[in-house]
Structure formats: structure tokens, C-alpha cells
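Next come the chains, spelled out residue by residue.
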Amino acid sequence: MSANDAATVTHPTRLQNAAALLPGLGLTVIIGAVATGLHELPGMGPLSPLILAILLGMAFNNIVGTPAAAKQGVKFALRRILRFAVMLLGLQLTLAQVESVGLGGLAATLATLGATFFFTVWMGRALGVGRSLSALIASGTSICGASAVIAADAVIGGEDEEVAYAVACVTIFGSISMLLYPILGAAMALSSHTYGLWTGATIHEVAQVVAAAFQGGEAAGHFGTIVKLTRVMMLAPVILALAAFWVREKNHGDLDVAGPEEGAAAQSRWAHIPWFAFGFLALIVVNTLFPLETTAKADTAMVTTFLLAVAVAAMGLETDFRKLLAMGLRPLILGAAAWIFISVTGLGLVTWLS
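Residues numbered from 1 in each chain as written. Predicted model: local features only at pLDDT ≥ 70, side-chain atom pairs only at ≥ 80, totals over all residues. Heavy atoms only, no water.

In terms of helices and strands, the chain carries 18 helices and zero strands. Across the 354 residues in the chain, those meeting the buried criterion constitute 51%. Taking the intrachain contacts of the chain between residues at least 6 apart in sequence as the baseline, contacts between residues at least 24 apart amount to 81%. (Helix = DSSP H or I, 4+ residues; strand = E, 2+ residues; numbered from the N terminus. Buried < 20%, exposed > 50% of the residue type's maximum accessible area, 1.4 Å probe, protein only. Contact = heavy atoms within 4.5 Å.)

Next up, the structure:
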């Protein structure tokens, strides 16, 4: 067979593979767009597009059913688009933001993050919650909510129902913090600096931090947002550490989950996972050296959020309510314990170190 003949044979195959992705990608994009639109409605601000997208995806899958023709595109969104979107989060951060937090504030933030992560994993074992789900709840609670859950899942390869459960936990308890912190902050007469640091270091989602922090005044709002974004920066090192840990545990036979990739792909997970984490860090450096203009930064943030919503919609489209309910209340208890731990520990560290 000549080179031209070979090209003729392979070219239609590539087109067919690309065409096979369209139904699923189209479905996830539509759900992501609807979720983004709903977020803009009055009263829907506290619910991020990510939360709305996974809820819509789950509702569609469990009421209508995800068509077989959409499966390939859904998996593509769940893996490729997800990792690319997490990498783009780096363009929202700069190293100068870390400096503005101060040494004490940074120490309090990092100590709270690390202590919460390890406490949650330990408590998960004590409660009999699976390792994958415990690690997902730990990531979402300690770092940045739903974004951290789905980024960690790219390494862990948990079940879609585990991802949905973890997202539900960080949404519920982060929302409680958003409502409760302004009341507690006023009752304890916290300064704007301390209150902003507490919200940024302990509340789950960025949107929840913004909503709670600005209740303490403009200064508290801006500082809380900066602290939260500094905490988001820790996403990359935590994901890389998780990747190394998961490979080591799998090689020792302590993990029985194969993850989203099977066979040879699962065996080479370390070679394929960390690129988006390194890309995340690289884009932080790029944005520090060559900051985006205000308009460009806002547009990039919008695109990044939309891509994350598309990826999370794909998770919803593969989530079965029956499997979700079968997990019981123990993961919810774990989420509550992690929430109480990060709130109390964070307040103590913030008051002491700042």
C-alpha cells in the first residue's frame, strides 16, 4: 500500500473519531451554557455554574438518560476539557497576591489547608469511607471546593458518584459558612483583617468567600478574596503530591481502583496526569510577568468557568442517583466533620499567627 493510500484509509477514521465526539460535547456544552445562564438570574449568585451544571447533568441522566451516542464526547469533556480548564485557572493568579497576604497570613492559610486535608483523610478511614471519596472531600474542603474536587479526581480516578457526593458536601457546608460567618464575625468583633483572612482560609468556594467576606466590609472582602486565591494556588502542589501517592499505593497493591483509564493507560498514570498541574503553575508565572489587562482577565475567567461547567456537566451525565444514595450518610458526616475542623482550626491559627 502506498503512502497516499494509507493516508486515504486513516483520514476518514480520524474524521469519524472526531464526529463521534460531537453528540456528547454538544450535550455538555448546552448544559454548561444553561448553568451559566441560570447563575446570572436574581438569587442564583451563590450557586456557581459548576454546581448548577452537575445538578443539571445528573437530572438529565437520571430522568431522560444519557444517549449511547453521547458517551465518547462526555468522556472527552470529563478528561481533556477538565484538565485544560484547571490549567487556565493559573491566569487568575499572581505571585504578588501571595506576598500581599503576609508571612503570618500565609502560614495560617497553609497550616489550615494541610491540617484539614490530613484530618479529613484520617477521619474518612475512621468512619469507613472509601479512600477515593475521602481524598476528594479532603481536597474540596481544604483547597477550593468543586474545582479542587474535579482536579483531584483527574488524579484519583474515583467513581462519578463519588465526585458528585464530594461536590455536594463542599456546596452544602460552604454555603452554611457563607451564611454563618458574618454573624459569628460580628459576634466575636473580629477586625477586618482577621475576618477576611478567616473567610479566605477556610470557606470552600471562591464565590462563597466573596459573598461572606464582603459582609465584613470592603477591606475584609478584598483581603478575603486575595487569601482565597492564594489558597487556590496550592491546588497544583496538592495534585502533584496526590499523583505520587496514588501511584505508590497502586504499585504496592493498596488501591483496587483502576481509575478512568484502563489497562496500560492506568499503569502509566504518573506520566499523563501532572501536565495540567505544571501548566497551572506555569500560567501563574506568566500572569505575574505579563499580567493580563482587566478586560482580558475577566474574559479568560469567564471562559475558564464555562469550560469547568462543561466538564462538570459530563460528570453529572455519568452519575447514577441509585449509586449515590447507596453510599449512605457516612460521607456526609465526614464532610461535616471536615467543615467544622477547618472552621475552628482556621480561626485559631488566623488569630494566633496573623
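This part is about the packing of helix 2 (residues 49-63) against helix 16 (residues 294-317). The geometry of helix 2 relative to helix 16 is characterised by a closest axis approach of 7 Å and an angle of 30° between their N-to-C directions. Comparing the axis directions of helix 2 and helix 16 gives the class roughly parallel. The element helix 2 and its partner helix 16 pack so that their crossing is right-handed. Along its contact with helix 2, which presents P49, L50, A53, I54, G57, M58, F60 and N61, the element helix 16 presents T305, L308, A309, V312, A313, M315, G316 and L317. In the contact of helix 2 with helix 16, the residues fall into 12 nonpolar, four polar and no charged. (Axes fitted to C-alpha atoms, helices over the stretch in contact; angles between N-to-C directions. Parallel < 35°, antiparallel > 145°, perpendicular 65-115°, else oblique. Left-handed = near helix turned anticlockwise from the far one by under 90°. Nonpolar A, V, L, I, M, F, W, Y, C, P; charged D, E, K, R; others polar.)

This part covers the packing of aromatic side chains. Within this structure, the stated rule accounts for five aromatic pairs. Pairing F117 with F118 gives two aromatic rings, centres 5.9 Å apart and planes at 80°, and the pair type is edge-to-face. Residue classification places F118 among the exposed positions, given a relative accessible area of 60%. With centroids separated by 3.9 Å and ring planes inclined at 10°, the aromatic side chains of Y181 and W198 adopt a geometry described as stacked. With Y181 in helix 8 (residues 160-187) and W198 in helix 9 (residues 192-202), this pair connects stretches of sequence that are 17 residues apart. (Phe/Tyr/Trp six-rings, centres within 6.5 Å; stacked < 30°, edge-to-face > 60°.)

Of note in this structure, A189 is not a glycine but carries a positive phi near 55°. By the secondary structure assignment, A189 is in the loop between helix 8 and helix 9.

In this structure, L82, I150, L235, I239, F280 and L308 are the most contacted members of the largest nonpolar core, which totals 82 residues. Take this core: its biggest share by element is 10 residues, from helix 16. For L82, the contacting residues outside a window of four places in its chain are A77, I150, A154, L308, A311 and M315. If you look at the next biggest cluster of nonpolar residues, it comprises nine residues, including M178, A212, A220 and L347. (Core = buried A, V, L, I, M, F, W, Y, C linked by side-chain atoms within 4.5 Å.)

Quick look at a nonpolar patch on the surface now. A contiguous nonpolar surface patch, about 470 Å² in accessible area, is contributed by I172, I176, L180, I183, L184 and M188. Along the chain, the position of I183 falls in helix 8. (Patch = residues over 30% accessible without salt bridge, like charges linked within 9 Å, V, L, I, M, F, W, Y side chains within 5 Å. Areas by Shrake-Rupley, 256 points an atom, 1.4 Å probe, with all protein chains shown as cover. Salt bridge = Lys/Arg side-chain N within 4 Å of Asp/Glu carboxyl O.)

Relative to each other, helix 5 (residues 103-127) and helix 9 sit at 30°, their axes nearing to 9 Å. It follows from the interaxial angle that helix 5 and helix 9 lie roughly parallel. Judged by the sense of rotation from one axis to the other, the crossing of helix 5 with helix 9 is right-handed. The residues of helix 9 that touch helix 5, namely those facing G105, T109 and T112, are L197, A201 and T202. Here the residues of the contact of helix 5 with helix 9 sort into two nonpolar, four polar and no charged.

Attention now goes to the environment of I172. Looking at the secondary structure, you find I172 in helix 8. C-alpha of I172 to C-alpha of L332: the two residues are 160 residues apart in sequence and 9.7 Å apart in space.

Okay, the side chain of T94 next. If you trace the backbone, T94 turns up in the loop between helix 3 (71-88) and helix 4 (95-101). Look past the residues within four positions of T94 in its chain and what remains in contact with it is M233, I284, N287 and T288.

Position of M233 relative to the elements: it lies in helix 11 (residues 218-233). Linking M233 and I143, residues 90 residues apart in sequence, is a C-alpha distance of 8.7 Å.

Once that is clear, we can look at the confidence of the model for the chain. This prediction gives the chain a mean pLDDT of 82; 88% of its residues lie at or above 70. The lowest-confidence element of the chain is helix 13 (residues 264-267), averaging 41 in pLDDT; the highest-confidence one is helix 18 (residues 330-353), averaging 94. (pLDDT = per-residue confidence, 0-100.)

To continue, consider the environment of A243. Note that A243 resides in helix 12 (residues 235-251). Judged by relative accessible area, A243 falls into the buried class, the value being 4%. Residues A243 and V155, 88 residues apart in the sequence, show an inter-C-alpha distance of 5.6 Å.

Let us look at the side chain of T300. Along the chain, the position of T300 falls in helix 16. Contacts of T300, omitting those with residues within four sequence positions, involve L91, Q92 and L292.

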